[in-house]
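Spelled out, the chains give:
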Amino acid sequence: MAPRISRIASPCLRQLRRETALPQKSRSLTLRAISTSGNESAAVSATRPPIDYNPPTKPPSARPVETRKSQLIRTYTSMLRTTPLILFFQHSNLTAIEWAAVRRELKKVLLEVPLPNAAPGVKPLDIAPLVQLQVLRTNILSVALKIVEFYNPEAAATSSSTARTSRGPIIHDLSEAAYEAVKDADIPTDSSFAQIEPLLVGPIAALVLPAVSPAHVAAALSVLAPVPGQFPAPMRKRSSGFHDPICQNGLSKLLLVGGRIEDKIFDKASVNWVGGIRGGMDGLRTQLVGILQGAGLGITSALEGGSKNLWLALEGRKIQLEDGSKGDDGEQKGEQ
């Protein structure tokens, strides 16, 4: 039995048969068109800029700037440098519908957070529309964390080994200098990267807040990581969508592992402490002022107590001496 031609190869053979069936004149026209297009491509290539030309929007890079990984590194480094509060969650195979349900309920509770008190004449800023829950690439996030913590662009700009162009040294996050700085970096055990690296295992999602707001953290945790008594989940009558099976399935696949607040690494318990600050940042400032005032009063009382005790001791000795002198005078008068 003769071998059968696969279905994929049959269209190619039909195209080849049609080309061989063309008349001689049509075949010559086809070859002429091919040669003309080749000349045109050569002319276009001659007018192109040289390979080493780099426009201002695409500076020289150690990695291809067109690839998605490079763009993600830029995005993550910018996020880490400009975002004061990031909470990290491990997620496990959430579907698109589950992500949509979780984000819907998260947005609903954030919009219910009351606006903070502002100065007279200043409109308070509502950060709820700016809060994002996004999925991150764990390996690229680790590289971005290394660049943010261990790469110093100012030191690289003064180094003689840094590549330079007519516009200055190449010191951006995708440069060769950044790559060499983080490739063999000596990571101290007390560094932020060493503390957060064990937490970044598996698929990671991040809750990004543009400001440190304990009220918004508490609202987000009541949906993403409820704690009975501290961050209670929404009631069914108030938020029926939270108790929907799709939303509950998505939330069951999320696990809070830690956070990065003001360039400091926090574990789950510390994140819960930040969310439990009553009164937000204003309440925390009030507590700090109370602690400082209490410490000042304690120091003042201690200093006053020492001087007061010394004064009482001297006064007691003075009274004792006066009583003794009066007793001696009385004895002398009695003898006379």
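In short, a report on the structure. What you see is a predicted model; the values in this text were computed from it and never measured. (Residues numbered from 1 in each chain as written. Predicted model: local features only at pLDDT ≥ 70, side-chain atom pairs only at ≥ 80, totals over all residues. Heavy atoms only, no water.)

**Focus: the pattern of salt bridges**
For the record, the criterion: Between Lys or Arg on one side and Asp or Glu on the other, a salt bridge is scored when a side-chain nitrogen of the former is within 4 Å of a carboxyl oxygen of the latter. A helix here means a DSSP run of H or I that spans at least four residues, while a strand means a run of E at least two residues long, and both kinds are numbered starting from the N terminus.
Per the counting criterion, the structure on display carries 7 salt bridges. Between Glu98 and Lys253 there is a salt bridge, and its shortest N-O distance comes to 3.3 Å. Taken together, the positions of Glu98 in helix 4 (residues 96–111) and Lys253 in the loop between helix 10 (245–252) and strand 6 (254–261) put the pair 155 residues apart, joining distant regions of the chain. Between Arg238 and Glu112 there is a salt bridge, with its nearest N and O atoms 2.9 Å apart. Of the two residues, Arg238 sits in the loop between helix 9 (214–224) and helix 10 while Glu112 sits in the loop between helix 4 and strand 2 (132–136), which places them 126 residues apart along the sequence. Look at the salt bridges and you will find they share partners, linking Arg104, Glu105 and Lys108 into a network.

**Looking at the environment of Arg103**
This is how the line gets drawn: Throughout, exposure labels follow a simple rule: accessible area from a 1.4 Å probe, protein chains only, divided by the maximum for the residue type, with under 20% read as buried, over 50% as exposed, and the rest as partly exposed.
You can see Arg103 is positioned in helix 4. According to the relative accessible area criterion, Arg103 is partly exposed, its value standing at 35%. Taking the C-alpha atoms as reference points, Arg103 and Gln134, separated by 31 residues in sequence, lie 9.6 Å from one another.

**Let's talk about the nonpolar core**
Operational definition: Among the buried residues, those of types Ala, Val, Leu, Ile, Met, Phe, Trp, Tyr and Cys that are joined through side-chain atoms within 4.5 Å form a nonpolar core. What makes two residues a contact is simply this: any of their non-hydrogen atoms within 4.5 Å.
Core analysis: the largest hydrophobic core is formed by 35 residues, its most contacted members being Leu87, Leu207, Leu221, Leu224, Leu251 and Leu254. In this structure Leu207 touches Leu85, Ile86, Leu87, Phe89, Leu106, Val131, Gln132, Leu133, Ala220 and Leu224, once residues within four positions along its chain are discounted. Core analysis: the second largest hydrophobic core is formed by 27 residues, Leu80, Phe88, Leu141 and Phe193 among them.

**A short note on the side chain of Glu105**
Mapping Glu105 onto the fold places it in helix 4. For Glu105, a relative accessible area of 1% corresponds to the buried category. In contact with Glu105, other than residues within four places in its own chain, are Val223, Ser239, Gly241, Phe242 and Cys247.

**As for helix 11 (residues 268–275)**
Stated formally: Directions are taken from the helix axis to each C-beta atom, and the arc is the one they span.
Every buried residue belonging to helix 11 is among Val271, Asn272, Val274 and Gly275, and all of these are buried. Buried residues of helix 11 fall within an arc of 155° about the axis and therefore sit on the same side. Facing away from the buried side of helix 11, by more than 90 degrees, are the exposed residues Ala269 and Trp273.

**Here's the deal with the environment of Pro226**
Inspection of the secondary structure assignment puts Pro226 in the loop between helix 9 and helix 10. Separated by 25 residues in sequence, Pro226 and Leu251 place their C-alpha atoms 10.0 Å apart.

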